[in-house]
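Fold and geometry: a report
Residues per chain are reported as follows:
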Number of protein chains: 2
Amino acid sequence: MILYEDTRAPNPRRVRIFLAEKAMDVPRRAVDIMALEHHKPEHLAHNPLGRVPYLELDDGTIIAETVAICRYFEALQPEPALFGSSPVEQCVVEMWQRRMEFNFLGCVAAVFRHSHPKMAPLETPQIKAWSEANVPRVEWMLDFLDTQLADRQFVAGDAFSIADITALCAADFMKVARFSIGDHRTNLKRWHEDVSARPGSVA
Amino acid sequence: MILYEDTRAPNPRRVRIFLAEKAMDVPRRAVDIMALEHHKPEHLAHNPLGRVPYLELDDGTIIAETVAICRYFEALQPEPALFGSSPVEQCVVEMWQRRMEFNFLGCVAAVFRHSHPKMAPLETPQIKAWSEANVPRVEWMLDFLDTQLADRQFVAGDAFSIADITALCAADFMKVARFSIGDHRTNLKRWHEDVSARPGSVA
């Protein structure tokens, strides 16, 4: 199989961290999104939505969408379980994964993509008001996570999961959108230091 | 368990159709989102993000997020499989589910929520330019789905899945956002007639 990705974007990083946590290695091919390479016919033939990452299996099957790709790797290599173990735990992890995706990474990305001049070719039209509307949502999420992490180690409970991976990529992506965790959010800061210290986080 | 929902919104409908396809019945409690009931302390204590649907299990565990709730029901009642069967099939279903959620239902909702006066209390601030930016995305998706459905019966393949449920709820929600499938999209129209004829679609 081949994983198509651009190492600068947060979604491919989610997949790389997931693979590192599983100690899996998958052949990768670079797609330059700033040069709009993912919108070229060869890539649109694979993923008509024009996004990376996507995974091409040996039989030609295409799996696009970060979480779908990660779930494929979870099936190939179940341990350590990053989507939760028991059915209830799996649903709680999915809930938090989605919250981190929709209400954290998605909001950070909206702030960045709709305000930074470099994003103009990728985000058409850029809408400054939409960027601004997402600023308080990111701040709300940072406060919320700080409260939640007061009594547990990881985002979805006591085990590291894909929800932490999405949250870490969102937190680190905040830099380009000019947010910071801040020293006053002590629980969130502790969590960020913990997950950043894991070997997979450099992926 | 108790399912908290508002029958007028598309996400609770996704869960109801899912349950109907499984022939499952779950006690439900109405939460009036137009009266902002989901933002009252008792509901925020359950789901701090202030959204419905959410599921309260008998031990007090809360599962929010439509797809996480549906996955819980899939675990309780595996047949018929609505998240796919083999690992690859499950990933392909998840890919399509996400495409239908992000690039179809999400775009229809953005058009509606950021333009309709009734949505002003729920969507603050309303950004007309963001509504307008999503109009061509919906039209693109309708054309894309029409092409995709030329050679298969359902959104994610030959079996009905949660991807069809999300797509059906998006397609029917288009009415409030003033889109229509149109007679010229013959494959999409055939699909819509098929899935609308299933008993669960009236849920």
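Thresholds applied
Residues numbered from 1 in each chain as written. Chains lettered and ligands numbered in written order. Predicted model: local features only at pLDDT ≥ 70, side-chain atom pairs only at ≥ 80, totals over all residues. Heavy atoms only, no water. Core = buried A, V, L, I, M, F, W, Y, C linked by side-chain atoms within 4.5 Å. Buried < 20%, exposed > 50% of the residue type's maximum accessible area, 1.4 Å probe, protein only. Contact = heavy atoms within 4.5 Å. Pairing = 2+ DSSP bridges. Helix = DSSP H or I, 4+ residues; strand = E, 2+ residues; numbered from the N terminus. Axes fitted to C-alpha atoms, helices over the stretch in contact; angles between N-to-C directions. Phe/Tyr/Trp six-rings, centres within 6.5 Å; stacked < 30°, edge-to-face > 60°. Lys NZ or Arg CZ within 6 Å of the ring centre and 35° of its normal. Salt bridge = Lys/Arg side-chain N within 4 Å of Asp/Glu carboxyl O. Least-squares fit on C-alpha atoms with pLDDT ≥ 70 in both. Buried area = accessible area lost by both parts, 1.4 Å probe. Polar contact = N/O pair within 3.5 Å; in protein donor to acceptor, adjacent residues only side chain to side chain. Nonpolar A, V, L, I, M, F, W, Y, C, P; charged D, E, K, R; others polar. Parallel < 35°, antiparallel > 145°, perpendicular 65-115°, else oblique.

Moving on to the nonpolar core. Ranked by internal contacts, the top residues of the largest apolar core, which has 136 residues, are F104 of chain A together with F104 of chain B. In contact with F104 of chain A, other than residues within four places in its own chain, are R99, M141, L142, L145, A167, A170, A171 and M174 of chain A. By size, the runner-up hydrophobic cluster in this structure holds eight residues, among which are A110 and I127 of chain A together with A110 and W130 of chain B.

All right, on to the sheet that holds strand β1 (residues 2-5) of chain A then. Residues and elements named next belong to chain A. As summarised here, the arrangement of the four strands in space is β2-β1-β3-β4, forming an open sheet in which the pairing is mixed. Lying at the two open borders of the sheet, with one neighbouring strand each, are β2 (28-30) and β4 (62-64). Sheet twist, expressed as the mean angle between neighbouring strand axes with direction ignored, is 25°. Two elements, β1 and β2, share three bridges in a ladder whose sense is parallel. Opposite Y4, over in β2, you have R29 as the bridge partner.

Take the packing of aromatic side chains next. To describe a pair of aromatic rings, one takes the distance between the centres and the angle between the planes. A complete count under the given rule lists 16 aromatic pairs over all chains for this structure. Plain terms: the ring middles of W96 of chain A and F144 of chain A are 5.8 Å apart, the flat faces sit at 15° to each other, and that makes the pair stacked. Placement of W96 of chain A in helix α4 (residues 87-113) and of F144 of chain A in helix α5 (residues 128-148) is noted, with a sequence separation of 48 residues between them. One exposure class covers both W96 of chain A and F144 of chain A, and it is buried. Positioned above the aromatic ring of W96 of chain A, the side-chain terminus of R99 of chain A is 4.6 Å from the ring centre. The aromatic ring of F160 of chain B is capped on one face by R198 of chain B, whose charged end is 3.7 Å from the ring centroid.

Here the structure, examined in full by the defined rule, presents 38 salt bridges over all chains. Among the salt bridges present, the one from E5 of chain A reaches R28 of chain A, with a minimum N-O distance of 3.3 Å. Placement of the pair is E5 of chain A in strand β1 and R28 of chain A in strand β2, with a sequence separation of 23 residues. Residue classification places R28 of chain A among the partly exposed positions, given a relative accessible area of 46%. With its nearest N and O atoms 2.8 Å apart, the salt bridge here joins E101 of chain A to R98 of chain B. Placement of the pair is E101 of chain A in helix α4 and R98 of chain B in helix α4 (residues 87-113), with the two residues belonging to separate chains. Of the two residues, E101 of chain A and R98 of chain B, both sit in the buried class. Because the salt bridges share partners, they merge into one network encompassing R14, E65 and E101 of chain A together with R98 of chain B.

The next point concerns the relation of the copies chain B and chain A. For these two chains of identical sequence, chain B goes onto chain A by a turn of 180° and a shift of 0.0 Å along the axis, with RMSD 0.0 Å. Taken together, the turn and the small shift mark the pair as related by a two-fold rotation axis. Ranked by how close their C-alpha atoms come to the rotation axis, the residues of chain B are headed by W130 of chain B, at 3.4 Å. Looking at chain B, 100% of its interface residues are interface residues in chain A too, so the copies touch through the same face.

Quick look at the sheet that holds strand β4 (residues 62-64) of chain B now. Strands in a sheet are paired, the pairing made by backbone hydrogen bonds, and the direction either parallel or antiparallel. Residues and elements named next belong to chain B. Here we have four strands laid out as an open sheet, ordered β2-β1-β3-β4, and mixed in their pairing. Because the sheet does not close on itself, it has two edges, and the strands there are β2 (28-30) and β4. Strand-to-strand, the axes of this sheet are offset by a mean angle of 20°, without reference to chain direction. Examined bridge by bridge, strand β1 (residues 2-5) and strand β3 (residues 54-56) share three bridges and lie antiparallel to one another.

Facing the 38 residues of chain B at the interface are 39 residues of chain A. Both sides of the chain B and chain A interface together cover about 3300 Å² of buried area, and 66% of this is carbon and sulfur. Along the contact surface separating chain B from chain A lie eight salt bridges. Counting across the chain B and chain A interface gives ten residue pairs in polar contact (both at pLDDT 80 or more). For the side of chain B that touches chain A, the secondary structure elements donating two or more residues are β4, α3 (66-76), α4 and α5 (128-148) of chain B. Ranked by the residues each element gives to the side of chain B that touches chain A, the list is headed by α4 of chain B, at twelve residues. Along the lines of polarity and charge, the residues of the side of chain B that touches chain A split into 23 nonpolar, six polar and nine charged.

Residues and elements named next belong to chain A. Summarising the element assignment, L145 is placed in helix α5. For L145 and Y54, which are 91 residues apart along the polypeptide, the C-alpha to C-alpha distance reads 29 Å. Beyond its immediate sequence surroundings of up to four residues, L145 is in contact with W96, M100, F104 and L188.

Further remarks concern the packing of helix α6 (residues 162-173) of chain B against helix α7 (residues 186-196) of chain B. Residue and element names in this part refer to chain B. Two elements in contact, α6 and α7, have axes whose closest approach is 11 Å; the angle formed by their N-to-C orientations is 105°. On the basis of their axis angle, the class for α6 and α7 is roughly perpendicular. Of the residues in α7, those in contact with D164, A167, L168, A171 and D172 of α6 are W191, H192, V195 and S196. Among the residues making up the contact of α6 with α7, the classes are represented as five nonpolar, two polar and two charged.

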